[in-house]
Amino acid sequence: SEEAGKEQPAEGEVSTPEPSRGAKAVGSPSEPHQSRAGDFYCVKWITWKGERTPVIMQSENGPCPLLAIMNILFLQWKASREHVWAGSAVEKEVITAEELMAHLGDCILATQPWEPSEGLQLNFQQNINDTMMVLPKLSTGLDVNVRFTGVSDFEYTPECIVFDLLNIPLYHGWLVDPQTPEVVQAVGKLSYNQLVEKIITCKQASDSSLVSEGLVAEQFLESTASQLSYHGLCELTASARESELSIFFRNNHFSTMIKHKGHLYLLVTDQGFLQEERVVWESLHNVDGDSCFCDTEFHLSHALDRKEATAAPPDHQLQQRQVDQDYMIALSLLQQQEHDPSALTDLELAQQLQQEEYQQQDPPP
């Protein structure tokens, strides 16, 4: 397989492309995670479809490919909870990297075909051998190189066999809008690495048309630095099946994704939400990162808003209540004026608003 090279630009960053032999996906966009023998991860227990189900949380620089795969296996109940938790009667709060890797290996071995066909068995054995060589990379980084032609289009690398064996779809949303023919022409069917090399070649060319094509391709990478385009989001929503658990790749990060009632959600695995029982899913409905948190039933969660309001300083709460009162008074007066436009002038409206505000205040001692 190709050696990993320069990483893709992180979300919000725009940089001039540099030569790259591979788009390496790591646990953190900025710093690879080096798995150690003593690594352990916190476990968040949720009630998923009526069953107590563990979700493995990710700390800073955690191995997101491994955690994303294991969380899908837990949510599908393909990973035996009794085996992982060693039959413990209590809900364990942590799990080690060794336990996760060992159980992932068991799940992969369980995919062995039942047919006695010698060809199928030999093919399965070869796949197992290839997979066992790749497994250690799940906790350090995977060689993943997207193509801009489809949400399931990746350059095939040996690492992809893990997703194939476990029948886990791998998606991305970094697509070219077909309504921009000049960009379609510039990008073509190239992968990210190939496109970066093309940009460098075109910028050094003497042919003005090639230079122009290279600039168009470079502008595409800069304008989609978040690695999710609006066309890609639409295609992603259309391609994912209802209730399908999959893995979403963006900005060198692997997330567990599900489609529920036509909308996409990402599993919240940031360790900072470990104690937030009502924060389980995060909506994926735009390319700018603006999202909403939901509980296990995909109901909008206001847990964080209430907590932040409680933690706000008293004077801030008082100011907010005053703003709310002012708004309600102004809205009431405006409605009165709409019924009788000649009833109040702007000056009279301001004076009455001020008078109502004084009446809302506590009387002097």
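Look above for the structure.
The following refers to the structure shown. (Residues numbered from 1 in each chain as written. Predicted model: local features only at pLDDT ≥ 70, side-chain atom pairs only at ≥ 80, totals over all residues. Heavy atoms only, no water.)

## Details of the environment of Asp39
Here is step 1 of the chain: Considering the arrangement of structural elements, one finds Asp39 in the loop between β1 (24–26) and β2 (40–48).
Here is step 2 of the chain: Residue classification places Asp39 among the buried positions, given a relative accessible area of 6%.
Here is step 3 of the chain: Remark: the alpha-carbon pair of Asp39 and Thr96, spanning 57 residues in sequence, is separated by 5.8 Å. (Helix = DSSP H or I, 4+ residues; strand = E, 2+ residues; numbered from the N terminus. Buried < 20%, exposed > 50% of the residue type's maximum accessible area, 1.4 Å probe, protein only.)

## Some thoughts on the sheet that holds strand β4 (residues 94–96)
Here is step 1 of the chain: With antiparallel pairing, three strands are arranged side by side in an open sheet as β3-β2-β4. Single-partner strands in this sheet number two, and they are β3 (51–56) and β4. In this sheet, neighbouring strand axes are inclined to one another by 40° on average, regardless of whether the strands run parallel or antiparallel.
Here is step 2 of the chain: Across three bridges, β2 lies against β4 in antiparallel orientation. Paired with Cys42 across the bridge in β4 is Val94.
Here is step 3 of the chain: Strand contacts of helix α1 (residues 64–75): β2 and β3, with the helix running at about 175° to β3, the strand carrying the most contacts. (Pairing = 2+ DSSP bridges. Axes fitted to C-alpha atoms, helices over the stretch in contact; angles between N-to-C directions. Contact = heavy atoms within 4.5 Å.)

## Things to note about α1
Here is step 1 of the chain: Relative to the 16 Å expected for twelve residues at 1.5 Å per residue, α1 spans 16 Å between its end C-alpha atoms, a close match to the ideal helical length.
Here is step 2 of the chain: The buried count for α1 comes to twelve of twelve residues, which makes it a mostly enclosed element.
Here is step 3 of the chain: By the burial criterion, the buried members of α1 are Cys64, Pro65, Leu66, Leu67, Ala68, Ile69, Met70, Asn71, Ile72, Leu73, Phe74 and Leu75. (Expected span 1.5 Å × (residues − 1).)

## Regarding the nonpolar core
Here is step 1 of the chain: Ranked by size, the top nonpolar core spans 64 residues in total, and within it Ile69, Leu104, Phe148, Phe254 and Trp281 carry the most contacts.
Here is step 2 of the chain: By size, the runner-up hydrophobic cluster in this structure holds 13 residues, among which are Val151, Met257, Leu264 and Val287. (Core = buried A, V, L, I, M, F, W, Y, C linked by side-chain atoms within 4.5 Å.)

## Regarding the side chain of Ser229
Here is step 1 of the chain: The topology assignment puts Ser229 in the loop between α8 (208–223) and α9 (230–239).
Here is step 2 of the chain: Given a relative accessible area of 9%, Ser229 falls into the buried group.
Here is step 3 of the chain: Within polar-contact distance, the side chain of Ser229 engages the backbone oxygen of Leu175 at 2.8 Å.
Here is step 4 of the chain: A distance of 3.0 Å separates a polar atom in the side chain of Ser229 from the backbone nitrogen of Gly232.
Here is step 5 of the chain: Apart from the residues lying within four places of it in its own chain, the contact partners of Ser229 are Gly173, Trp174, Leu175, Thr224 and Val287. (Polar contact = N/O pair within 3.5 Å; in protein donor to acceptor, adjacent residues only side chain to side chain.)

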